[in-house]
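# Residue-level structural notes
Given next are the chains, with one letter for each unit.
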Amino acid sequence: MRILLVEDDAILAGRLREVLEEAGLLVEIAADGSQAAFLGCTEDYDAAVLDLGLPGQDGISVLHHWREHGRDLPVLILTARGRWSDKLAGFGAGADDYLTKPLHLEEVVLRLRALVRRTRGHADPVLRVGALAFDTLSSRFTLDGQPLTLTAQEQRILAYLMHRPDQVVSRSEIGEHVYARDLEPDSNTVDVLIGRIRRKLGRPLIHTERGLGFRLSAPATPPG
Ligand code: CA
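Let me begin by describing the structure that accompanies this report.

Criteria and thresholds
- Residues numbered from 1 in each chain as written.
- Predicted model: local features only at pLDDT ≥ 70, side-chain atom pairs only at ≥ 80, totals over all residues.
- Heavy atoms only, no water.
- Helix = DSSP H or I, 4+ residues; strand = E, 2+ residues; numbered from the N terminus.
- Rg over C-alpha atoms; globule rule 2.2 N^0.38 Å.
- Buried < 20%, exposed > 50% of the residue type's maximum accessible area, 1.4 Å probe, protein only.
- Contact = heavy atoms within 4.5 Å.
- Lys, Arg positive; Asp, Glu negative; His and termini not counted.
- Charge placed at Lys NZ, Arg CZ, Asp CG, Glu CD.
- Pairing = 2+ DSSP bridges.
- Salt bridge = Lys/Arg side-chain N within 4 Å of Asp/Glu carboxyl O.
- Axes fitted to C-alpha atoms, helices over the stretch in contact; angles between N-to-C directions.

Turning to the overall build of the protein, a few remarks are in order. A count of helices and strands for the protein gives eight helices and 12 strands. Rg of the C-alpha trace for the protein: 18 Å, near the compact-globule value of 17 Å for 224 residues, within the 12% margin. Dimensions of the protein, computed from the C-alpha atoms along their principal axes, are close to 60 × 35 × 30 Å. For the protein, the residues scored as buried account for 46% of the 224 residues in total. Taking all contacts inside the protein whose residues are at least 6 apart in sequence as the whole, residues at least 24 apart take part in 59%. Here the protein carries 27 positive and 32 negative side-chain charges, and the mean point of each set is 6 Å from the other.

Attention now goes to the pairing of strand 8 (residues 140-143). Taking every second residue as pointing to the same face, the buried face of strand 8 carries Phe 141 and Leu 143, while none of Arg 140 and Thr 142 on the other face is buried. Pairing geometry for strand 7 (residues 132-135) and strand 8, over four bridges, is antiparallel. Residue pairing in the sheet places Ala 133 in a bridge with Thr 142 of strand 8. The antiparallel hairpin formed by strand 7 and strand 8 contains four residues in its connecting segment, where Ser 139 sits at a positive phi of about 55°.

Summarising the element assignment, Lys 87 is placed in helix 4 (residues 84-92). Despite being buried, Lys 87 has no salt bridge partner; Asp 86 is the closest side chain of opposite charge, sitting 8.6 Å away. In contact with Lys 87, other than residues within four places in its own chain, are Thr 79, Tyr 98 and Thr 100.

With that settled, the discussion passes to the sheet that holds strand 8. Taken in spatial order, the four strands make up an open sheet running 6-7-8-9, and their pairing is antiparallel. Each edge of the open sheet carries a strand with a single partner, namely strand 6 (126-129) and strand 9 (146-147). Here strand 8 runs beside strand 9; their pairing, made up of two bridges, is antiparallel. Bridge pairing links Thr 142 to Pro 147 in strand 9. Lying on the sheet, helix 6 (residues 152-162) is in contact with strand 6, strand 7 and strand 8; it crosses strand 7 at an angle near 100°.

Shown next as structure tokens:
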């Protein structure tokens, strides 16, 4: 999952990035409102964490800007303690959830995962495709109930596919959600990573759709 983190406090942003990346998320930081408004409209993120007090353009107007431009990514706003008016304004502008500072960093991870899951229409925190399960709370994968060990990049790809079972996902879409903006991969890199995941899965769950991309689907149950 690719997250836009909008926070002008560099120390907090750094700590948040660390925790989110440890949880297997890809994080890009915007430190002011104008940059955030621009990135949210031009790049494709799975969710945003949006601080409200920002230099240049405040978080509420950033959120208005995104929504006015049809960007419907889930947004978790960060507010100062007790600023009820902020929360109200945030929800009015189209926020999906909020957290009050000081933050429990792990809670940011949990809320984000829940937001993305709900946005994709999954009520159960454990996503399943055949024998493969992804616990979105702990961000762990299991295959037949046994832990599956993946690198950070492999985990991002497989998590992205798990949120979109039976859908064809293009190589460029996968690339965008696995690599940072300044590291555009060539399509072969995605193929290499998919190949490694397939070997670890050891069964045909990731299908190649020629000329289109990949699809994660459970094998058809044999008749009888
Ligand atoms: Ca701030």
